[in-house]
Amino acid sequence: MSELQNESPENGYDVFAIQDRWLPVWDELRPFNSGIDGDPRPKKYVLDMFPYPSGDLHMGHAEAYALGDVISRYWVQKGFNVMHPIGWDSFGLPAENAAIKRGLDPKGWTYDNIAQQKASMRRYACSFDWDRVLVTSDPIYYRWNQWLFLEFYNKGLAYRKNSNVNWCPSCQTVLANEQVVAGLCERCDSVVTKKALTQWYFKVTEYADRLLDDLDTLEGNWPAKVLTMQRNWIGRSTGAEVEFEVEGRSEPITVYTTRPDTLFGATFMVVAADSDLAAELASMAAPDVRIKFQDYLEQVKKSNDIERLATDRKKTGVELGIFAINPINGERIPIWVADYVLADYGTGAIMAVPAHDQRDFEFAQTFGLAIRMVVDTGEGDPSETGVPTVGDGVLVNSGSLNGLSKYEAIAKAIELLAGQGKGKAAKNFRLRDWLISRQRYWGTPIPIIHCDNCGEVAVAADQLPVLLPSAEGLDLKPKGTSPLGGASDWVNVACPKCGQPAKRDTDTMDTFVDSSWYFLRFLSPNSTEVAFPKDAAHDWAPVDQYVGGVTHAILHLLYARFFTKVLHDLGYVDFEEPFTRLLNQGMVLMNGSAMSKSRGNLVTLSSQLDEHGVDAVRLTMAFAGPPEDDIDWADVSPAGSAKFLARAWRAANDVTSQPGANFASGNADMRKATHTFLRDFAPAIEGFKFNVGVAKIMELVNALRKAIDGEAGSSDPAVREAAEVVAKALSLFAPYTAEDMWAKLGHQPGVALAGLQAADESLLVESSVTAVVQVDGKLRDKFDVSVDISEEELRTRAFASENVQRAIGDKQIANVIIRAPKLVNIATK
RNA sequence: GCCGAAGUGGCGAAAUGGCAGACGCGGAGCACUCAAAAUGCUUUUCCGAAAGGAGUGCGGGUUCAAGUCCCGCCUUCGGCACCA
């Protein structure tokens, strides 16, 4: 039996009865309906990241939705028409894996979980607008994924290419770059391998500059950490492309370098072993070299990213016996192949400057290649010190560049090369195009038909959606090709162009496609006419406040930003960033680590709700600390929260005055406390300091308790004023308790819409303050003074203090700082 | 290795350069009670009986005054990781 149930007969606060009382009332009242025609309130869009329906809601959801709700309810209270919708990101591998394991249809598993989560959200009193709900695995939703895909396709932003892609041997599907974490599959932690496949891509790289530059507009409104991660991920570098003629080859090799100033120090060239260029050069090489190259290439292909990542890895490579000509000085340099150069970055070939690059230096040392210093940084010659130098310095051994600084030389070198037509300024990105096709069943079918005569043929927009065929009879087990290939009735169609037999594309889209634009779909979640109406997008979007975990700092947020920019360029939206403000909440841990069944530290949300009630759990989430910090559930006290809620509720019960009492005639101290609270509460909430906001409510409740038990008494109008303010402020955190308090105070249901009055400044005017006196910065005395005390008088009073005199002793006074009326600091010599 | 953030009581945490520790958890005491629970009140950074002293990771600095600003360390956590 819980403590609360024990205490309820005594003091009347029965949180479970309160929950049962108000939920049906709210169903009638619908306080968070954002779709009323002609609603005059200004609009605001608050969005919580939508959940994946993997089971019931867990403690992490409970934190995220508690915090999102504080923000959403705050703006409602402020008089805004807040759109706060919810949906389910319901396509994806977990459903499919669960289905395979249990021999079920992924659909049944998914929709059962959605129903369960929805019920939990309602019980949890989430302030969602239940008219704005979407489920990405519904045809009415994914139809528009397909429509968007075709829009992208027609713009050349969706394309197919063959390349070495990340392959998860366990999931038996390809992965986007972003889904490979330290060489492991993000989902199952298998070692990711490479596989040459023809796959669909979205051209994110075409937007790389804008995705990077526009981050500046989010500065201050997004967590700095997320901005940094995005910047690093996009990874723009600037430098030059330089052409090297190759002996025995008509075409020159272009290399990318950030250091064209070091061109005179290039003593060899390295080509990525797994590039087409390497293969072609090897075919020109001597027979014994060709064999060595083939052996090496096989070795490289076998190694995976984990091995590549080892930092102390020895440099390896093969010399081709072919030479390139340095365009700046005509020098003949040997060409090597090695795996430390990446095929898919820059041009897949580099000029190696061992004196001024760590990796080139190691390679040169391993194979005894020349190391020539061309920038004197004052740290000594790398060939002697054994340490390559990368900083600024003075150019040496560099012909016409001699004497210049690094940055002058970069500019000059580019100028020289450009003059000869041998090079130009260039930039490169770490960001790669987004691989969006997946060889799995539970996703959006790609609306393309492959015809032997006509090639790729897009499904006509009016033929959408391409419905996902039933899973019945399909083998969903991962086998490297899409399970949809087994649905022959579905796959085999007539080519829309020529009518000849053709086949549907059997891959499905990465689920990140679904979540890249869902925030727009909430504008018209059930429309069969448009993905979203332009005018509604203009009125509501972008999202004013987005709330979710930092786990999506790169993937989801980058893709959503990309989609928004494309939609902008296509003329569908008039903004370029989807999420104006972003709040990342932390995680809920148990005893220092993430909760999991296998760790044995799992605390279920339902157990906490059953034990402490919804309001206490929500309040605990908000009060635990700053929202972005992790919460260790072992360190916080939902029982303490419940105790506080009961205390607040009892105070409201004790109020004996009638609604509409004239507050102005109330107890002055109580009124001052109430209006001090009103002054301080809003800034705390708007600054995401929810824990401080809760602390302020607690202070007000403490003052209220004192007023009721003390001089003012339970009938004082100021007591009513304070109790009403507590109910309204508390409604952001503990909606059930607040609603019940509101009713006990004699009001109609709907505390969420009651509004919170502004502080009456005239009640906050202080007549006296506490002045502190320091001697040499140490507190020695304090006393109450009038707020308009003069400096002279304050000085006199400070020196009159015995404590102060004792602290000064026989020391001489050097300086007296007076900040009337609050502070005197006496500095001695 | 590179980049970034953070270190404050027994614990979660507050603090526009101006009284360190708001608010809460936990602890102690008192009242109510036959008793307990619940509730209310008091107290709770450390040392000290007190007067007083020390105190925001460590060492310096700026300032009348530093948790807060600057420099150098240490530790922890996050991100990136052969990107030329």
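The structure presented is a predicted model; accordingly, all values stated were derived computationally and were not measured.

So, on to the packing of aromatic side chains. Enumeration according to the criterion identifies 40 aromatic pairs in this entry. Summarising the aromatic geometry, the rings of F677 and F681 are spaced 4.9 Å apart at their centres and angled 25° between planes, so their arrangement reads as stacked. One end of the pair is F677 and the other is F681, both in helix α23 (residues 668-686) and 4 residues apart, which spans about a single turn. Neither residue differs from the other here; F677 and F681 are each classed as buried. Joined through ring pairs, the aromatic side chains of F149, F152, Y153, W200, F202, Y207, W434, F512, Y559, F562 and F563 make up one cluster. Above the face of the Y159 ring, K203 is positioned so that its terminal group lies 5.7 Å from the ring centre. For R332, the ring lying beneath its charged end belongs to F323, and the centroid distance is 4.0 Å.

Another aspect to go through is the protein's contact with RNA strand B. Around RNA strand B, a shell composed of 50 residues is seen, among which T258, R313, R359, R430 and K782 lie nearest. When the atoms of RNA strand B within 4 Å of the protein are sorted by group, sugar and phosphate make up 65%. Separating a sugar or linking oxygen of RNA strand B from a backbone N or O atom of Y340 is a distance of 2.7 Å. Q774 is positioned with one of its side-chain polar atoms (N or O) 3.5 Å from a base nitrogen of RNA strand B. Element by element, the count of residues in the surface near RNA strand B is highest for helix α24 (residues 690-709), at 6 residues.

A few words now on the pairing of strand β24 (residues 501-504). Taken together, the 2 bridges between strand β21 (residues 448-451) and β24 define a ladder with antiparallel strand orientation. Each residue of the ladder has a partner; that of H450, found in β24, is K503. Relative to β24, strand β23 (residues 492-494) runs antiparallel, the two sharing 3 bridges. Bridging from a neighbouring strand, V493 pairs with A502 of β24.

With that settled, the discussion passes to the sheet that holds strand β28 (residues 588-590). Sheet architecture is open: 3 strands sit in the order β29-β28-β30, paired in mixed fashion. The open sheet has two edge strands with one neighbour each: β29 (593-594) and β30 (631-632). As paired strands, β28 and β29 are joined by 2 bridges and run antiparallel to one another. If you follow M590 over to β29, its bridge partner there is S593.

Analysis parameters
Residues numbered from 1 in each chain as written. Chains lettered and ligands numbered in written order. Predicted model: local features only at pLDDT ≥ 70, side-chain atom pairs only at ≥ 80, totals over all residues. Heavy atoms only, no water. Phe/Tyr/Trp six-rings, centres within 6.5 Å; stacked < 30°, edge-to-face > 60°. Helix = DSSP H or I, 4+ residues; strand = E, 2+ residues; numbered from the N terminus. Buried < 20%, exposed > 50% of the residue type's maximum accessible area, 1.4 Å probe, protein only. Lys NZ or Arg CZ within 6 Å of the ring centre and 35° of its normal. Near = heavy atom within 4 Å. Polar contact = N/O pair within 3.5 Å; in protein donor to acceptor, adjacent residues only side chain to side chain. Pairing = 2+ DSSP bridges.

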